[in-house]
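Residues per chain are reported as follows:
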Amino acid sequence: PNVLDGELHQPKPVRFMDLGCGLGGNVVFMAQQPEVEFSTGVETAPIPYLLARLFSRLRGGEVLAQDLWKTSLRDYNFVYAFLSTEPMPRLWQKIQAEMQPGSVFVSNSFAVPDIDPSEIWELSDPRQTRLFIYYL
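Residues numbered from 1 in each chain as written. Predicted model: local features only at pLDDT ≥ 70, side-chain atom pairs only at ≥ 80, totals over all residues. Heavy atoms only, no water.

(A) Region of interest: the nonpolar core. Ranked by size, the top nonpolar core spans 17 residues in total, and within it Met-17, Leu-19, Leu-73, Val-79, Leu-91, Ile-95 and Phe-105 carry the most contacts. Breaking this core down by element, the ones donating at least two residues are strand 1 (14-19), strand 4 (78-81), helix 3 (88-98) and strand 7 (130-135). A per-element tally of this core places helix 3 first, with four residues. Formed by 11 residues, the second largest nonpolar core is a distinct cluster that contains Val-36, Tyr-80, Val-104 and Val-106. (Core = buried A, V, L, I, M, F, W, Y, C linked by side-chain atoms within 4.5 Å. Buried < 20%, exposed > 50% of the residue type's maximum accessible area, 1.4 Å probe, protein only. Helix = DSSP H or I, 4+ residues; strand = E, 2+ residues; numbered from the N terminus.)

Take a look at the structure:
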């Protein structure tokens, strides 16, 4: 499934944020989609940040050297994270406090504890990735 082909109930235009964007691949991919108004990622690790910033400047999107906990989500209606189990409860509180109703949160591989996702997508990649999708 493609998260932008109408299978998700996301608002349009999409305003995308990748929390902990690593090398910025998702930020660049999303920036190139016609439904996406803007695509931003935040990363604190210095080397991945520098590479992601360069990649996004060449291909699209914006990457900021910024702590995800200090990043406002108010302007975004599609937030993606590939973190770990530990921060998920705190991240869920942040998402609920800052994102608008009708927004979408997608967590790669790590569900929010005690919160039923709206959908779970199992991808056919080598990792057998599971995306936990939450409609707000």
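(B) Spatial organisation of helix 2 (residues 46-59). The end-to-end C-alpha distance of helix 2 is 20 Å, a good match for the 20 Å that 14 residues give at a rise of 1.5 Å each. Taken as a whole, helix 2 has its buried residues at Tyr-49, Ala-52 and Ser-56. For helix 2, the arc enclosing every buried residue in end-on projection is 70°, short of the 170-degree limit, so these residues lie on one face. Those residues of helix 2 that are exposed and angled more than 90 degrees off the buried face are Pro-46, Ile-47, Leu-50, Arg-57 and Leu-58. Buried-residue contacts for helix 2 involve helix 1 (25-31), strand 2 (36-43) and strand 3 (62-65). Trailing helix 2 by a residue or two, Gly-60 shows a phi angle of about 125°, which is positive. (Expected span 1.5 Å × (residues − 1). Arc of directions from axis to C-beta. Contact = heavy atoms within 4.5 Å.)

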